[in-house]
Amino acid sequence: MLIVLVVAIGGIVLGYYYRKRVAEGKISSAEDAAKRIVEDAEKQAEAIKRETLLEAKEEIHKLRSEIERESRERRSEFQRIERRLQQKEENLDKKSQSLDAREELLNKKQKEIQKSQEKVEALYNQQINELERISGLTREQAKEQLLDSVEKEIRHEVAVRYREIEAKYKEDAEKYAKNTIALAIQKFAADHVAESTVSVVTLPNDEMKGRIIGREGRNIRTLETATGIDLIIDDTPEAVILSGFDPIRREIARIALEKLIIDGRIHPARIEEMVEKAKKEVEAHIREVGEQVVFDLGLHGVHPELIKLLGRLKYRTSYGQNVLNHSIEVAHLAGIMAAELDADVKIAKRAGLLHDIGKAVDHEVEGSHTQIGADLAKRYRESPEVVHAIAAHHGDIEITTIEAILVQAADAISAARPGARRETLEAYIKRLEKLEEIANSFAGVEKSYAIQAGREIRIMVKPDKVSDDETVLMAREIVKTVERELDYPGQIKINVIRETRAIDYAK
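Described in the following lines is the structure provided in the data block. All of these numbers come straight from a predicted model, not from anything done at the bench.

Re the overall build of the protein
Point 1. Within the protein, the secondary structure is distributed over 14 helices and 8 strands.
Point 2. For 507 residues, the compact-globule estimate of 2.2 N^0.38 gives 23 Å, and the C-alpha radius of gyration of the protein, at 58 Å, exceeds that figure by more than 25%.
Point 3. For the protein, the spread of C-alpha atoms along the principal axes amounts to about 190 × 120 × 50 Å.
Point 4. Counting only residues that meet the buried cut, the protein has 30% of its 507 residues in that class.
Point 5. In the protein, once contacts between residues fewer than 6 apart in sequence are set aside, the share between residues at least 24 apart is 61%.
Point 6. Of the roughly 35,000 Å² that the protein leaves accessible, carbon and sulfur atoms contribute 53%.
Point 7. One finds the centroid of the 84 positive side-chain charges in the protein at a distance of 6 Å from the centroid of its 94 negative side-chain charges.

What follows is the structure in structure tokens.
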């Protein structure tokens, strides 16, 4: 065992030394290899370094060459710019010298012109003074005399020219217009009804007044409340007065009161019943009147609501003239004139009948009756020509159709006919005074007289102040002033009279 143990330990020691020696051999060979690698790497790095330095030197050389080239180009460009600036500076110096020379020349010429102007002014003043001495007039007097002469000559020429043009175009136009209007008026003339705001109901006896008043006034209060009309019961024998601005309500109250008087049973319930019956009767009568008017004029396709509004016009007055009768007359006149002028007769008659349709509701709707009427006609599908004629018959808008012109003319004819409308005495007198005041405001007028109910004004002028030619211009100017400042129906004739009287005495 000992021997085995010794042998084993010896084998172990021998194996250790063997492996140590093998390991040391591997380490030395590895170190040699590493040294070789490092040496190879150092050699490669040195080669790369040399190559890089060569490339850098070449790049630096290229950049330096390029910078030197650019520098040379910029220096040459700067030199060219400098040469151009020097040339411009030289040119400016030359121009400055030239301008200075011109300025000196202009100053010399200006002084020469100023001297010449002073000489001209002196000669002009000398000639003016000589002319004033020869004529015996100052400069202002001569100027005023020359202007007066030129003004008189121009006014004379204008008056002569105006008279020639007026005579040329007025003869045929006035003749034809007069014939057309005369024919229209001859073919149709309507009766005019003057109505007021009161109606009178006749009573069988004065005892009926007490029954109408009723116990503690209950009957009269019920009737006034149901109709909106005031009942005036005074000392008038056997009569009751109905007062109200609405003629339809007044008519309803009249019919209801007459029925109550005939029936004899007068109490609040019966009054309300009779008022309702009277309303139905009046509405039926209004519709019948409208239908009859449309039938008589031969118009078709009129909307039922427009027919009702036409019937309401029977109870509407304007300046004392019944509006329905006025509308019928305008329709006839417009139709007759349209036939004479080869215009559309149906449109003229239709527009003439409906031209005042707005007055049927103008106390219920805001706005002028022309605009209200045009809106109603448009709403109930009337033609654009009819709507335009209604809207334009008082000149609120520009007239574009001949039918609208005829409706406007027919409306003026119907309203301006003597007796057609009722005016208050005060308004009538004021209009005549204003007419004479306008005439007297013109220079050269001696006196003026409004005659023929204001349809004509005769103006006497001073013959030494106004010439024959100037009377024509004065008449025209007065016409324009009257049209601008005065409201009047129809037309006013301006008659300017100039007369010279020679008076002497035989002794």
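Read on, since the account is not over.
Description of helix α6 (residues 268-297)
Turn by turn, an α-helix covers 3.6 residues, leaving residues three or four places apart pointing in a common direction.
Point 1. For α6, which comprises 30 residues, the first-to-last C-alpha distance of 43 Å matches the rise-based estimate of 44 Å (1.5 Å per residue) to within 8%.
Point 2. What α6 keeps buried is the set R270, I271, M274, V275, A278, V282, I286, V289, G290, V293, V294 and L297.
Point 3. Structurally, α6 contributes buried residues whose contacts are with α4 (218-227), α5 (247-263), α7 (304-312), α8 (323-340) and α9 (345-354).
Point 4. Immediately beyond the C-terminal end of α6, within one or two residues, lies G298, with a positive phi of roughly 70°.

Thoughts on the pattern of salt bridges
Point 1. As enumerated under the stated definition, the model contains 17 salt bridges in all.
Point 2. Linking R80 and E77 is a salt bridge whose minimum nitrogen-to-oxygen distance equals 2.0 Å. Residue R80 and its partner E77 are located together in helix α1 (residues 2-135), separated by 3 residues, close to a single helical turn.
Point 3. A salt bridge links R458 to E456; its shortest N-O distance comes to 3.3 Å.
Point 4. Judged by its relative accessible area of 36%, R458 falls in the partly exposed class.

Focus: the sheet that holds strand β8 (residues 493-497)
Point 1. Read from one edge of the open sheet, 3 strands run β6-β7-β8, paired in mixed fashion. With one partner strand each, in any of the chains shown, β6 (445-451) and β8 form the two edges of the open sheet. Along the sheet, successive strands turn relative to each other by an average axial angle of 15°, direction set aside.
Point 2. Pairing of strand β7 (residues 456-461) with β8 involves 5 bridges; the strand directions are parallel. The residue of β8 that forms the bridge with I459 is V496.
Point 3. Lying over the sheet, helix α14 (residues 468-485) contacts β6, β7 and β8, oriented at roughly 150° with respect to β8.

Some remarks on the side chain of T401
Point 1. Mapped onto the secondary structure, T401 falls in the loop between α11 (384-392) and α12 (402-416).
Point 2. Here A404 takes part through its backbone nitrogen, which lies 3.3 Å from a polar atom of the side chain of T401.

Concerning a nonpolar patch on the surface
Point 1. Taken together, the side chains of L2, L5, V6, I9, V13, Y16 and Y17 present a nonpolar region at the surface, about 730 Å² in accessible area.
Point 2. You can see Y16 is positioned in helix α1.

Things to note about the sheet that holds strand β2 (residues 230-232)
Sheets are built from strands that pair by backbone hydrogen bonding, the pairs being arranged parallel or antiparallel.
Point 1. Read from one edge to the other, the open sheet built from 3 strands follows the order β1-β3-β2, with strand pairing classed as antiparallel. The sheet is open, and its two borders are formed by β1 (198-202) and β2, each paired with just one other strand. Strand-to-strand twist of the sheet, defined as the mean angle between neighbouring strand axes without regard to direction, takes the value 25°.
Point 2. The sheet contact formed by β2 and strand β3 (residues 239-243) spans 3 bridges and is antiparallel. Bridge pairing in β3 links I232 to I241.
Point 3. Docked against the sheet, α5 engages β1, β2 and β3, running at close to 10° with respect to β1.

The rules behind each value
- Residues numbered from 1 in each chain as written.
- Predicted model: local features only at pLDDT ≥ 70, side-chain atom pairs only at ≥ 80, totals over all residues.
- Heavy atoms only, no water.
- Helix = DSSP H or I, 4+ residues; strand = E, 2+ residues; numbered from the N terminus.
- Rg over C-alpha atoms; globule rule 2.2 N^0.38 Å.
- Buried < 20%, exposed > 50% of the residue type's maximum accessible area, 1.4 Å probe, protein only.
- Contact = heavy atoms within 4.5 Å.
- Areas by Shrake-Rupley, 256 points an atom, 1.4 Å probe, with all protein chains shown as cover.
- Lys, Arg positive; Asp, Glu negative; His and termini not counted.
- Charge placed at Lys NZ, Arg CZ, Asp CG, Glu CD.
- Expected span 1.5 Å × (residues − 1).
- Salt bridge = Lys/Arg side-chain N within 4 Å of Asp/Glu carboxyl O.
- Pairing = 2+ DSSP bridges.
- Axes fitted to C-alpha atoms, helices over the stretch in contact; angles between N-to-C directions.
- Polar contact = N/O pair within 3.5 Å; in protein donor to acceptor, adjacent residues only side chain to side chain.
- Patch = residues over 30% accessible without salt bridge, like charges linked within 9 Å, V, L, I, M, F, W, Y side chains within 5 Å.

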